[in-house]
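What follows is the residue order along each chain.
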Amino acid sequence: LRLQIINDLGYYYHTRNLNLALEYIELGLGEAREIKNSYWEGRLMVSQGAILLRMEELDLAESVLKAAQLKIPESETWLLLTNLGYVYERKGMLGEAFVYASKTLELGEKYGDSKAVAMAYSDMSNLFWKQGKFDYALNYGLKSLNIFDEIGLKDLDYDFTLHLVGQYLVDL
């Protein structure tokens, strides 16, 4: 429970205070490693990768995320894959980013995880927009919003997708 709370705090702060977020995650990683809990080590590493990504430490984020993939069950890797996609997007490797968005979609469908599916569609939407394919971007963005609405989830990812769809409509 303590490791879950530390992870949640670190992930919460990763959109507000990156240094504090990283402190929480490093604290949790130390504790998880001390008690040899590889599951929570992996989960904390996913959060660490997300924080490093936001800090523009792309190579380190990629390395941490790939290492974490060996520690958590496949059914829980969608957030990891999403963040790997963001790493490649920021590196300008849009094709590779799309591969990871597709993997997230496959996992979401395989395990019935609507949030993962919504995130995959949102990410695909963003990638199409970056390629100037506004009709595809709008289509995938609307698919994502429909799923967010169906499950009643109004979080930061939903807000970001609303922002994207609004931008597409302006562009169109």
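Position labels on residues start from 1 in each chain and follow its written sequence. Note on the predicted model: pLDDT of at least 70 is required for a residue's local features to be given, and 80 or more for side-chain atom pairs to be given and counted; whole-chain, interface and lining totals, by contrast, use all residues. Excluded from the side-chain calculation are hydrogens and water; included are all heavy atoms of the structure.

**Focus on helix 7 (residues 114-130)**
Move 1: The numbering of helices and of strands both runs from the N terminus, where a helix is a DSSP run of H or I of at least 4 residues and a strand a run of E of at least 2. The span one expects for a helix is its residue count, reduced by one, times 1.5 Å. Relative to the 24 Å expected for 17 residues at 1.5 Å per residue, helix 7 spans 24 Å between its end C-alpha atoms, a close match to the ideal helical length.
Move 2: Residue burial is assigned from relative accessible area. The probe radius is 1.4 Å, only protein chains are included, and a residue is buried under 20% of its type maximum, exposed over 50%, and partly exposed in between. Counting buried positions along helix 7 gives 14 out of 17 residues, so the element sits mostly inside the fold.
Move 3: Under the rule applied, a polar contact is a pair of N or O atoms within 3.5 Å (in protein, one hydrogen donor and one hydrogen acceptor; residues adjacent in sequence only if both atoms are side-chain atoms). By the N-cap criterion, in which a side-chain oxygen at the helix start approaches the backbone nitrogen of a residue two or three places on, helix 7 is capped by Asp-113, the distance to Lys-115 being 3.2 Å.
Move 4: Directly beyond the C-terminal end of helix 7, a positive phi value near 80° is found at Gly-132.

**A few points about the environment of Leu-9**
Move 1: Assignment of secondary structure puts Leu-9 in helix 1 (residues 2-13).
Move 2: Since its relative accessible area comes to 31%, Leu-9 is described here as partly exposed.
Move 3: Separated by 15 residues in the primary sequence, Leu-9 and Tyr-24 have C-alpha atoms spaced 6.9 Å apart.

**Points about the packing of aromatic side chains**
Move 1: When two rings of Phe, Tyr or Trp (its six-membered ring) have centres within 6.5 Å they constitute a pair, described as stacked for plane angles under 30 degrees, edge-to-face for angles over 60, and tilted for the intermediate range. The full count for this structure, using the stated rule, is ten aromatic pairs.
Move 2: Centre to centre, the rings of Phe-98 and Phe-128 are 5.3 Å apart; their planes meet at 65°, and the pair counts as edge-to-face. Note that Phe-98 is positioned in helix 6 (residues 94-111) and Phe-128 in helix 7, a separation of 30 residues in sequence.
Move 3: With relative accessibility at 23%, the residue Phe-98 sits in the partly exposed group.
Move 4: Members of the aromatic cluster, each reached through a chain of ring pairs, are Phe-98, Tyr-121, Phe-128, Tyr-136 and Tyr-140.
Move 5: In this structure, Lys-103 is placed above the aromatic ring of Tyr-100, and the distance from its NZ or CZ to the ring centre is 4.8 Å.
Move 6: Put simply, a charge is over a ring when the Lys NZ or the Arg CZ is close to the ring centre, within 6 Å, and near the line of the ring normal, within 35 degrees. When the ring centre of Tyr-140 is taken as reference, the NZ or CZ atom of Lys-143 above it lies at 5.0 Å.

**Here's the deal with the nonpolar core**
Move 1: Here the nonpolar core consists of buried residues drawn from Ala, Val, Leu, Ile, Met, Phe, Trp, Tyr and Cys, with membership extended through side-chain atoms lying within 4.5 Å. Formed by 50 residues in total, the largest nonpolar core has its most connected members in Leu-44, Leu-80 and Tyr-121.
Move 2: At nine residues, the largest contribution of residues to this core is made by helix 7.

**Side note on a nonpolar patch on the surface**
Move 1: Judged by side-chain polarity, Leu-1, Ile-5 and Leu-9 come together as a nonpolar surface patch covering roughly 300 Å² of accessible area.
Move 2: Tracing the sequence through the fold places Leu-1 in the segment before helix 1. Note that patches include only residues with greater than 30% relative accessible area and no salt bridge, and the join distances are 9 Å for like charges and 5 Å for nonpolar side chains (Val, Leu, Ile, Met, Phe, Trp, Tyr). Using a 1.4 Å probe, accessible areas were evaluated by the Shrake-Rupley method; residue-level cover was limited to the displayed protein chains. Salt bridges are defined as contacts in which a side-chain nitrogen from Lys or Arg sits within 4 Å of a carboxyl oxygen from Asp or Glu.

**Concerning the pattern of salt bridges**
Move 1: For the structure shown, the criterion picks out 13 salt bridges.
Move 2: A salt bridge links Arg-33 to Glu-41; the nearest nitrogen and oxygen atoms lie 2.7 Å apart.
Move 3: Residue classification places Arg-33 among the partly exposed residues on the basis of a relative accessible area of 41%.
Move 4: Across the pair Lys-71 and Glu-41 runs a salt bridge, and its minimum N-O distance is 3.5 Å.

**Let's talk about the packing of helix 6 against helix 7**
Move 1: Think of each axis as a best-fit line through the C-alpha atoms, taken over the contacting stretch in the case of a helix, with angles from 0 to 180 degrees between the N-to-C directions. It is the contact of helix 6 with helix 7, at a shortest axis distance of 8 Å, that shows an interaxial angle of 160°. Comparing their axes, helix 7 and helix 6 come out roughly antiparallel. Like other packed secondary-structure pairs, helix 6 and helix 7 cross with a definite hand, here left-handed. Along its contact with helix 6, which presents Leu-94, Ala-97, Phe-98, Ala-101, Ser-102, Thr-104, Leu-105, Gly-108 and Glu-109, the element helix 7 presents Ala-116, Val-117, Ala-120, Tyr-121, Asp-123, Met-124, Leu-127, Phe-128 and Lys-130. Angle categories: roughly parallel below 35 degrees, roughly antiparallel above 145, roughly perpendicular from 65 to 115, and oblique for all the rest. Helix crossings are classified by the rotation of the near helix relative to the far one: an anticlockwise turn of less than a right angle makes the crossing left-handed, while a clockwise turn makes it right-handed. In what follows, a contact means two residues having at least one pair of non-hydrogen atoms within 4.5 Å.

**Regarding the side chain of Asp-123**
Move 1: Structurally, Asp-123 can be placed in helix 7.
Move 2: Under the counting rule used here, the positive set is Lys and Arg, the negative set is Asp and Glu, and His together with the chain ends is not counted. Here Asp-123 occupies a buried position and makes no salt bridge, while the nearest side chain of opposite charge, Lys-115, is found at 10 Å.
Move 3: Not counting residues within four places of it along the chain, the set of residues in contact with Asp-123 comprises Thr-82, Tyr-86 and Ala-101.

Remember that the coordinates give geometry; whether it matters functionally is a separate question.
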